[in-house]
Amino acid sequence: GNKKCDSRGALIVLEGLDRCGKTSQCSRLISYLEELGHAVESWRFPDRNTGVGQMISSYLANKSHLDDHAIHLLFSANRWEKRSLMESKLRSGTTLIVDRYSFSGVAFSSAKGLDMEWCKAPEAGLLAPDLVVYLDISPEKAAERGGYGGERYEQLEFQKRVAQSYKMLSDATWKIVDATLPIEDVQKQLRQIIMECVLTCQQGKPFVELWQ
Ligand code: 2DT
């Protein structure tokens, strides 16, 4: 509904294929918001610092093997273990710029062939982002950028399936930004898009939960 809550920070998620430029755009956004005097933190999923995060990290580095369902649930658990901190940060007025979230969880696992609805289920009850920005680049262009590390998912054929999954997941509320534009132009668009969201949340936008 349109019931107001107290002023709070914004939960802003950036999504996209590997090599779309998410990580550097996130850190530029952080500097920008800090310069404007906003309370802001940079978050990312997977958060490799927790116990669950270390299991995920070893899986991604091909140092361990896990069933597709099991790793999916670990990625989700990794978000659940941060949920209460996330909510308290937002309530205290801190904006969170998050590099990947539940949409990566569903896009990557469903790209392996897991059922999309099954993939969404464990995400239900996590905080819904106030804004999802998708940095749009074709898998081919992303691969041309080179620098795919050696991690498990960094292969063209797989990234093509991830791109298709993201398309199925996206809705009209997502902001799509052309990630092939020069870095500065992408940043300029992002700044405009996120500021609007930060202001709406400052005015007391109610929290919403996934998955809707
Ligand atoms: P980074 O390269 O951004 O650290 O991501 N992934 C991520 C999933 O498969 N499920 C998830 O829930 C999340 C958050 C995307 C590491 C890889 O992990 C994938 C790339």
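None of the values given here were measured: they were computed from a predicted structure.

J.: I keep staring at the overall build of the protein and nothing clicks. Help me out?
T.: Scanning the protein from terminus to terminus reveals nine helices and five strands. In the protein, the succession of helices and strands from N to C terminus is β-α-β-α-α-α-β-α-α-β-α-α-β-α. Compactness check: the protein gives a C-alpha radius of gyration of 17 Å against a globular reference of 17 Å for 212 residues, within 12% of the reference. Judged by the C-alpha coordinates and their principal axes, the protein covers about 45 × 35 × 30 Å.

J.: Sorry if this is basic, but what is going on with the site of the ligand here?
T.: Taken together, the residues surrounding the ligand are F45, P46, L60, F75, R100, S104, G105, F108 and Y153. Here the element with the most residues in the shell around the ligand is helix α5 (residues 102-111); it accounts for three residues. Per-class residue counts for the shell around the ligand are six nonpolar, two polar and one charged.

J.: Where do I start with the UniProt feature "domain: Thymidylate kinase-like" (unreviewed entry) in the protein in this structure?
T.: On the UniProt side, "domain: Thymidylate kinase-like" (unreviewed entry) is annotated at positions that read residues 14-189 here. The distance from the first to the last C-alpha atom of residues 14-189 is 13 Å, and the span holds 50% helix and 13% strand.

J.: Would you mind showing me how to read the sheet that holds strand β3 (residues 95-99) here?
T.: Within a sheet, neighbouring strands are paired by backbone hydrogen bonds and run either parallel or antiparallel to one another. Read across the sheet, five strands follow the order β2-β3-β1-β4-β5 without closing on themselves; strand pairing throughout is parallel. Edge positions in the sheet fall to β2 (40-44) and β5 (175-178), since each has one partner strand and no second. Put simply, the sheet's adjacent strands are angled 20° from each other on average, direction ignored. In this structure, strand β1 (residues 11-16) lies alongside strand β4 (residues 131-136), joined through five bridges in parallel fashion. Its bridge partner lying in β4, G16 is registered against L135.

J.: Looking at this structure, how should I read the packing of helix α1 (residues 22-35) against helix α9 (residues 183-202)?
T.: Describing two packed helices takes the angle between their axes plus the distance from one axis to the other. Contact geometry for α1 and α9: axes closest at 10 Å, N-to-C directions at 55°. Relative to α9, the element α1 lies oblique. The element α1 and its partner α9 pack so that their crossing is right-handed. Counting all contacts with α1, which are made through Q25, R28, L29 and Y32, the residues of α9 involved are V186, Q187, L190, R191 and I194. Grouping the constituent residues of the contact of α1 with α9 by class yields five nonpolar, two polar and two charged.

J.: Teacher, can you tell me more about the packing of α5 against helix α8 (residues 156-169) here?
T.: Following both chains from N to C, one finds α5 and α8 inclined at 125°, their axes separated by 8 Å at the closest point. The pairing of α5 with α8 is recorded here as oblique in orientation. For the element pair α5 and α8, the recorded crossing hand is right-handed. Here F103, V106, A107, F108, S110 and A111 of α5 come into contact with α8, specifically with F158, R161, V162, S165, Y166 and L169. By residue class, the composition of the contact of α5 with α8 is nine nonpolar, two polar and one charged.

Cut-offs used in this document
Along every chain, residues carry numbers that run from 1 in the direction the sequence is written. A pLDDT threshold of at least 70 governs which residues receive local features in this predicted model, and a stricter bar of 80 or more applies before side-chain atom pairs are shown or counted, although totals over entire chains, interfaces and linings include all residues. Under the scheme used here, helices are H or I runs from DSSP no shorter than 4 residues and strands are E runs no shorter than 2 residues, and both carry numbers assigned from the N terminus. Radius of gyration here is computed from C-alpha atoms only, and the compact-globule reference equals 2.2 Å multiplied by the residue count raised to the power 0.38. For each residue, a C-beta atom is placed from the backbone, and the residue is labelled near a molecule or strand when this atom is within 6 Å of it. Each residue is assigned to one class: nonpolar for Ala, Val, Leu, Ile, Met, Phe, Trp, Tyr, Cys and Pro, charged for Asp, Glu, Lys and Arg, and polar for all the others, Gly among them. UniProt positions are given in the numbering used here, feature names are shortened, and annotations may be inferred rather than shown by experiment. Should DSSP find at least two bridges between two strands, the strands are regarded as paired. The convention used is that axes are lines fitted to C-alpha atoms, helices contributing only their stretch in contact, and that angles between N-to-C directions extend from 0 to 180 degrees. The cut-offs work like this: below 35 degrees is roughly parallel, past 145 is roughly antiparallel, 65 to 115 is roughly perpendicular, and the gaps in between are oblique. The handedness criterion is simple: a crossing whose near helix is rotated anticlockwise from the far helix by less than a right angle is left-handed, and one whose near helix is rotated clockwise is right-handed. Here, residues touch in the contact sense if the C-beta positions derived from the backbone fall within 7 Å of one another.

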